[in-house]
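# Observations on chain architecture
Listed below are the residues making up each chain.
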Amino acid sequence: MFREPRPVAIVNKVVEDQVLDRAYAALADPTRRHLIEALRRGDARITDLAAPLPMTFAGVSRHIGVLESAGLIQREVRGREHWVSLRPEGLAPVHHWLDEQTRFWSDRADALAARLRRKKGEGR
Amino acid sequence: MSETVTVLVQRVMPAPPEVVFDEWLDPEALEEWMCPNPVRVVDVAVDARVGGTVRFDVDDSGTRVLISGQFLTIDRPRLLRFTWTNSNWADPTQASIVNVTFEPAGTDETLMSIEHSLLPTSEFESFHSGWIATFDQLATRLTG
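We now turn to the structure provided with this report. (Residues numbered from 1 in each chain as written. Chains lettered and ligands numbered in written order. Predicted model: local features only at pLDDT ≥ 70, side-chain atom pairs only at ≥ 80, totals over all residues.)

Let's shift gears to the overall build of chain B. Assigned secondary structure in chain B consists of 3 helices and 7 strands. Secondary structure elements of chain B, listed N to C terminal, follow the sequence β-α-α-β-β-β-β-β-β-α. Counting every position in chain B, which comprises 144 residues, the buried fraction comes to 25%. At a minimum sequence separation of 6, the contacts of chain B that also span at least 24 residues come to 34%. (Helix = DSSP H or I, 4+ residues; strand = E, 2+ residues; numbered from the N terminus. Buried ≥ 20, exposed ≤ 12 C-beta atoms within 10 Å, placed from the backbone. Contact = placed C-beta atoms within 7 Å.)

If you want it as structure tokens, here you go:
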């Protein structure tokens, strides 16, 4: 497998972590998670997204702005209306962290199970 | 209620909870199972008390990685809770929390659940200052 030289890899890592921080901070709010859930069902206008929520249009618009700058959604003007859609690739860094840590702990748990089985065998 | 980005890994271990729990605090055991091939151990240090640190200095395929944390809860043989930072993450102050529970399962077996949550920066700040406050209280009690 092709391996990039270290300095580039480190720069990539810094960028990746900053992206993760922003995405993660954006997702740390229940209203914003609700908006992401709503957009999973398809594109929507900000008015539609705001309707079921107990907050002002301006409040929802602010949350939309946070999600947009985190790269999780995109806004588009269609005719006279603002439409919002999900940007699944924006969630990639979060998934990447989850995958990496899941693998990390799965490997360790398996290694611990193997060690305990071996110790049990020796104890006999 | 705040839902966070969390990883959950569960396994049934072939030993009773006390035995499995102790594996998490024994440096010799940790050298083996926390640093599986190709990870090479440089140093493992465990200060097994609340507020004590745990540190893994490893060589992961040519990259030196330092993982460190502080114990928050040591409740043998039920619960182990500690902070977790990784030098391989761009922001080495980015903290996360590892919560491990041990439940008896079957005959001499344990259901081990590892829950690893990434703390958002905002929450981390309050967590961090809260933790320092606790630590100060402890120090005051010990010296006072």
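Once you've had a look at it, read on.
Residues and elements named next belong to chain B. Direction of pairing for strand E1 (residues 6–13) relative to strand E7 (residues 109–118): antiparallel, over a ladder of 8 bridges. Bridging across to E7, Val9 finds its partner in Ile114. As defined by bridge partners, strand E6 (residues 96–105) adjoins E7 across 10 bridges and the pair is classed as antiparallel. Residue pairing in the sheet places Asn99 in a bridge with Glu115 of E7. Linking E6 back to E7 in an antiparallel pair, the connection comprises 3 residues, with Gly106 at a positive phi of about 60°. (Pairing = 2+ DSSP bridges.)

For the rest of this paragraph, the subject is the pairing of strand E3 (residues 53–60) of chain B. All names here are of chain B. Bridge analysis of strand E2 (residues 39–46) against E3 gives 7 bridges, and the strand direction is antiparallel. The residue of E3 that forms the bridge with Val39 is Asp60. The loop that links E2 with its antiparallel partner E3 comprises 6 residues; one of these, Gly51, has a positive phi angle of about 95°. Summarising the sheet, E3 and strand E4 (residues 63–75) pair through 8 bridges and their orientation is antiparallel. In the strand pairing of E4, Thr53 is matched with Gln70.

A few words now on the sheet that holds strand E1 (residues 44–45) of chain A. Residues and elements named next belong to chain A. Taking strand neighbours across the sheet as the criterion, the 3 strands line up as E1-E3-E2 in an open arrangement whose pairing is antiparallel. The open sheet is flanked by E1 and strand E2 (73–78), the only strands paired with a single partner. Where E2 lies against strand E3 (residues 81–86), 6 bridges are found, and the strand directions are antiparallel. By the bridge assignment for E3, Ile73 is matched with Leu86. Helix H2 (residues 30–40) contacts E1, E2 and E3 of the sheet and is inclined by roughly 90° relative to E3. (Axes fitted to C-alpha atoms, helices over the stretch in contact; angles between N-to-C directions.)

Once that is clear, we can look at the environment of His95 of chain A. In this fold, His95 of chain A is placed in helix H5 (residues 92–123). Sequence-wise, His95 of chain A and Leu20 of chain A are 75 residues apart; in three dimensions their C-alpha atoms are separated by 9.5 Å.

The 7 strands lie next to each other as E1-E7-E6-E5-E4-E3-E2 (chain B), forming an open sheet whose pairing is antiparallel. Looking at strand neighbours, the two that pair on one side only are E1 and E2 of chain B, the edges of this open sheet. Put simply, the sheet's adjacent strands are angled 20° from each other on average, direction ignored. The strands touched by H5 of chain A are E1 and E7 of chain B; relative to E1 of chain B, the strand with the most contacts, the crossing angle is about 15°.

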